[in-house]
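Tertiary structure, described
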Amino acid sequence: MQGNATDSWLLALPKAELHLHIEGTLEPERMFQLAERNDVELPFESLDALRAAYQFSDLQSFLDLYYQGAAVLRTERDFFELTWAYLERAAAEGVHHAEIFLDPQTHTQRGIPLDVVLQGTLRALARADSIGVSAGLILCFLRHLTGEAALATLESALPFKDQLLGVGLDSSERGNPPEKFRDAFELARREGLHTVAHAGEEGPPEYIWQALDVLGAERIDHGVAAIRDRELMRRLAADGIPLTMCPLSNLRLHVVEDLRTHPLRPMLDAGLRVTVNSDDPAYFGGYVAENYRAVRDTLALTASELRTLARNSLEASFAPPERRAELLQDLERSATPVST
Ligand code: ADE
Ligand code: ZN
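I will try to describe carefully the structure that is included in this document. If you're wondering where the values come from, they're calculated on a predicted model, not measured in any experiment.

**Some words on unusual backbone geometry**
- Of note, D279 is a non-glycine position whose phi angle comes to about 65 degrees, a positive value.
- Following the sequence through the fold, D279 ends up in the loop between strand 8 (273-276) and helix 14 (281-284).
- For D279, a relative accessible area of 2% corresponds to the buried category.
- With a phi close to 50 degrees, A300 is a non-glycine residue in the positive phi region.
- What makes A300 exposed here is its relative accessible area of 55%.

**Some details on the pairing of strand 6 (residues 219-222)**
- In this structure, strand 5 (residues 194-199) lies alongside strand 6, joined through four bridges in parallel fashion. Its bridge partner lying in strand 6, A199 is registered against H222.
- What joins strand 5 to strand 6 is helix 10 (residues 205-213), and the crossover it makes is right-handed.
- In this sheet, strand 7 (residues 242-245) lies alongside strand 6 in parallel orientation, the contact comprising two bridges. Bridging across to strand 7, D221 finds its partner in T244.

Here is what the cut-offs are and how they apply
Residues numbered from 1 in each chain as written. Chains lettered and ligands numbered in written order. Predicted model: local features only at pLDDT ≥ 70, side-chain atom pairs only at ≥ 80, totals over all residues. Heavy atoms only, no water. Helix = DSSP H or I, 4+ residues; strand = E, 2+ residues; numbered from the N terminus. Buried < 20%, exposed > 50% of the residue type's maximum accessible area, 1.4 Å probe, protein only. Pairing = 2+ DSSP bridges. Right-handed = clockwise from strand over helix to strand, strands pointing away.

From the geometry alone we can't say anything about function, so treat these as descriptive.
What follows is the structure in structure tokens.
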């Protein structure tokens, strides 16, 4: 299945995006525009020089640049505009539901008040309905910081609890096991928030077990390493734990060296609830539809398998039951190309 007709089918396929860092949608042009507007100095002479720096050797080499880029975000308006631009792009790619990650500590550590960050982001999310998207916000703790810092971050965000979907865990994985964040996740669950965690991106299968059994994570973000642990594969399949996979991110950060060997295919075949997402699209060369296209072309996925990925994303979402039923109906009503 190749070509423009099927690409437009992929764009229209009703889907949810469940693994998207809003700071990772900061396109180079916007980074320069905001640097100028906010009088922030960027260590790059030009857009080309910035783009040339997007050659990553691993997760940390990306994160170093990513946190530097995020420093141009300073005002409520910046967060609003960034989030709104993502929502418009997502809607154009058939995203009917989006659960967006935000790293509060990346901003509060630079002296930007949490209120500013959340008000701007939430104001955009509150308007998503007007373009046919339901949307929610997941606050991620930076795992290179302490468990105490995560707990304090959650406590400071609790006044916004009713406008939040849940909490997550991201940043440098190696050497920062999920168990460091036991207390913050326990509080989040007590407060009725959903829980997800990055695990098994660069870290070992053990971190996925911990995310499930210590943090009570309802979804695993990435989960690539699970392919190396048969018992874990059985557990993920038996419990229907969703994996929010990000193929182009994995390629760019050398989690896999070739998409043809990406574990998404064997995981799908083993009945795992795999989903496709973009992670940090401005840095990794593709929004969600491009990730679907990439796995379609390299893993020879059929239209029926692509629909399964889309269905998984809708089923794995934290949308309320009525909205989820509506989303699944959108998918059932959507057409499949005749050629497949
Ligand atoms: N923050 C943004 N993107 C990330 C990724 N791929 N892994 C961990 N933390 C992140
Ligand atoms: Zn991520």
